[in-house]
Amino acid sequence: MIIAVNTDCVKLDPVPALERIAAAGFRHLIWCWHWNDNYLYTPEAFERCSAFAANYFPAE
């Protein structure tokens, strides 16, 4: 079974939370920052999120 964790609990800097999530054994992530506002992710923001995911949750 694959279990994921949401990132909407993170307030500012995602790195400490991503480190704790990965250390707890999670290997899948649901990136849901800005789920309730009108934030539009730029291509640069997508790249930054992708880099976080690749660093802490590498493809198996």
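Residues numbered from 1 in each chain as written. Predicted model: local features only at pLDDT ≥ 70, side-chain atom pairs only at ≥ 80, totals over all residues. Heavy atoms only, no water.

A. The overall build of the chain, seen in detail. What the chain contains, in helices and strands, is two helices and two strands. Starting at the N terminus and ending at the C terminus, the chain contains elements arranged as β-α-β-α. Scaling as 2.2 N^0.38, a compact globule of 60 residues should have a C-alpha radius of gyration of about 10 Å, and the chain matches this with 12 Å. Its C-alpha atoms give the chain principal-axis dimensions of roughly 30 × 25 × 20 Å. Within the chain, the proportion of its 60 residues that are buried is 23%. Residue pairs at least 24 apart in sequence account for 58% of intrachain contacts in the chain once pairs closer than 6 positions are excluded. If you sum the accessible surface of the chain, you get close to 4,700 Å²; carbon and sulfur atoms cover 60% of it. Separation between the mean location of the 4 positive side-chain charges and that of the 7 negative ones in the chain comes to 7 Å. (Helix = DSSP H or I, 4+ residues; strand = E, 2+ residues; numbered from the N terminus. Rg over C-alpha atoms; globule rule 2.2 N^0.38 Å. Buried < 20%, exposed > 50% of the residue type's maximum accessible area, 1.4 Å probe, protein only. Contact = heavy atoms within 4.5 Å. Areas by Shrake-Rupley, 256 points an atom, 1.4 Å probe, with all protein chains shown as cover. Lys, Arg positive; Asp, Glu negative; His and termini not counted. Charge placed at Lys NZ, Arg CZ, Asp CG, Glu CD.)

B. Seen up close, helix α2 (residues 43-56). End to end, α2 covers 20 Å across 14 residues, agreeing with the expected 20 Å (1.5 Å per residue, within 8%). Ala45, Cys49, Phe52 and Tyr56 are the residues of α2 that are buried. Looking down the long axis of α2, one finds its buried residues gathered within 55° of arc, a one-sided arrangement. Of the residues in α2, the exposed ones pointing more than 90 degrees away from the buried face are Pro43, Glu44, Phe46, Glu47, Ala54 and Asn55. Close packing links the buried residues of α2 with α1 (14-23). (Expected span 1.5 Å × (residues − 1). Arc of directions from axis to C-beta.)

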